[in-house]
Amino acid sequence: MKHAAILALAVLFLAVGARTAAAKPKVAILGIEVTGGAIDQASTGAAHDLTEGLRTKAKQGNGPFQLAPNSDRELIDEKVLKNCDSEGPLCMSDIGKDIGADVLIYGQLAKAGDGYSAKLLVLDVKNRSKDKELAVRIPGGASSDAVRALAKKAYTDLVGGGAAPVAAPGTVQIEANVDDGTVFVDDEQKETLRGGKATLQLAEGRYRVAVESPGRRRKEIAVTITGGESLSESFELAMRGEGGGKPGSFWKPAFGVTLGLAAVLAGVSMYEWLRSGTEIDQVKTATNAKGDGLTESSCPNDIIGATDADSTHFDNACRARKVEIYAAIGAAVFGVAAVGTGYMAFFHKSSESATKTSARKSLLDRIAITPVFSSDHQGAVVDLSW
């Protein structure tokens, strides 16, 4: 039991230490630039050793900063990319932001007597201000290890060895179009909506903030917090079953399709009605009085005294009549669907609460279509309740 307690405490201290390290601001160390007329292998080697010594010390992580990832860049290259004429705070802070660093260390090295003199600077990226400047003297003939040792000491002199200051937490004010719901931060439940509002207190960093509510689609927003800042975020949660795009993004195409089908089927029905009448007229002309009583109900029967040609016209008329009826039914069905989708596309407004929406019947729920087939006629009965 005693060993288990000691182990638990050790794990706790390690976790706390890991979180503290993760919370440290990031520092980027740009490669020291060689200036002056004497730029040779020895001077570039000294600048390289000075840079590597600074970065090695920062990588140890026992100071107030942690080394920013992918920050192994050269000062001269970054100035060219940013079109900087000098190491002014504005331009250098832009370089630091691109790297993702909170603090930028850079400098220049020049020949001085039989050795070298380097000027190192510390820049606060956010405030665009130089925090500290340090001169480093490198004796002539100093070895690579000696230069790196000087650089490690210079890093400690520049940034100190104390703990990093803890930034004040930021505030996120949340407003949603629902009264009740749950607020998540990086998929962890944090707050509950009250009257459509909630407040989050978050440390510096980037988060995924989401809101969920019964009957609504989950909405998620990426939020970046800087110490002490206050943000306001609005969450518009769509009803379940509705698209996540703009209102009418589904219903408008559906309206166009159903209206087009209704128009096409109505045209087909009209055409077949005219064709069936033309065929019947030809049969009536050929059979004289015998054709006066011909209707669609006569289709299953033979025509007394009609020739084969007359029978062909009569069969064509019967087929045209059937196509006319089915096309008319289809046109009616798609016409009603066009009315419903048109209403949803252009007139329907989402309610502000799930209770109101569930109590309201949609137009499509009020429509009933009943096909009717008999020996005398075929069609459909449409019942629209209000």
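These numbers come from a predicted model, not from an experiment. (Residues numbered from 1 in each chain as written. Predicted model: local features only at pLDDT ≥ 70, side-chain atom pairs only at ≥ 80, totals over all residues. Heavy atoms only, no water.)

### With respect to unusual backbone geometry
Trans peptide bonds make up the majority, and among non-glycine residues the majority have a negative phi. Despite not being glycine, R128 shows a phi value in the positive range, around 55 degrees. As for its placement among the helices and strands, R128 is situated in the loop between β5 (115-124) and β6 (129-138). (Helix = DSSP H or I, 4+ residues; strand = E, 2+ residues; numbered from the N terminus.)

### Details of the pattern of salt bridges
Within the structure shown, the criterion is met by 17 salt bridges. Between R208 and D187 there is a salt bridge whose closest N-O contact spans 3.2 Å. Here the residue R208 occupies a position in strand β11 (residues 205-212), and D187 occupies one in the loop between β8 (180-185) and β9 (188-194), the gap between them amounting to 21 residues. Taking the relative accessible area as the measure of exposure, R208 reaches 33% and is therefore partly exposed. Note that R208 is salt-bridged to E220, the shortest N-O span being 3.4 Å. Residue R208 is found in strand β11, and its partner E220 is found in strand β12 (residues 219-225); the two are separated by 12 residues along the sequence. (Salt bridge = Lys/Arg side-chain N within 4 Å of Asp/Glu carboxyl O. Buried < 20%, exposed > 50% of the residue type's maximum accessible area, 1.4 Å probe, protein only.)

### Observations regarding the packing of helix α3 (residues 75-82) against helix α4 (residues 89-99)
Direction vectors running N to C along α3 and α4 enclose 100 degrees, while the axes themselves pass 10 Å from each other. With respect to α4, the element α3 is oriented roughly perpendicular. In this structure, α3 contributes L75, E78, K79 and K82 to the contact, and α4 contributes C91, M92, D94, I95 and D98. Of the residues contributing to the contact of α3 with α4, the split by class is four nonpolar, no polar and five charged. (Axes fitted to C-alpha atoms, helices over the stretch in contact; angles between N-to-C directions. Parallel < 35°, antiparallel > 145°, perpendicular 65-115°, else oblique. Contact = heavy atoms within 4.5 Å. Nonpolar A, V, L, I, M, F, W, Y, C, P; charged D, E, K, R; others polar.)

### Some thoughts on the pairing of β9
The pairing of β8 with β9 spans six bridges and is classified as antiparallel. Its bridge partner lying in β9, G181 is registered against L193. Here β8 hands over to β9 after two residues, with D186 in that stretch at a positive phi of 50 degrees. (Pairing = 2+ DSSP bridges.)

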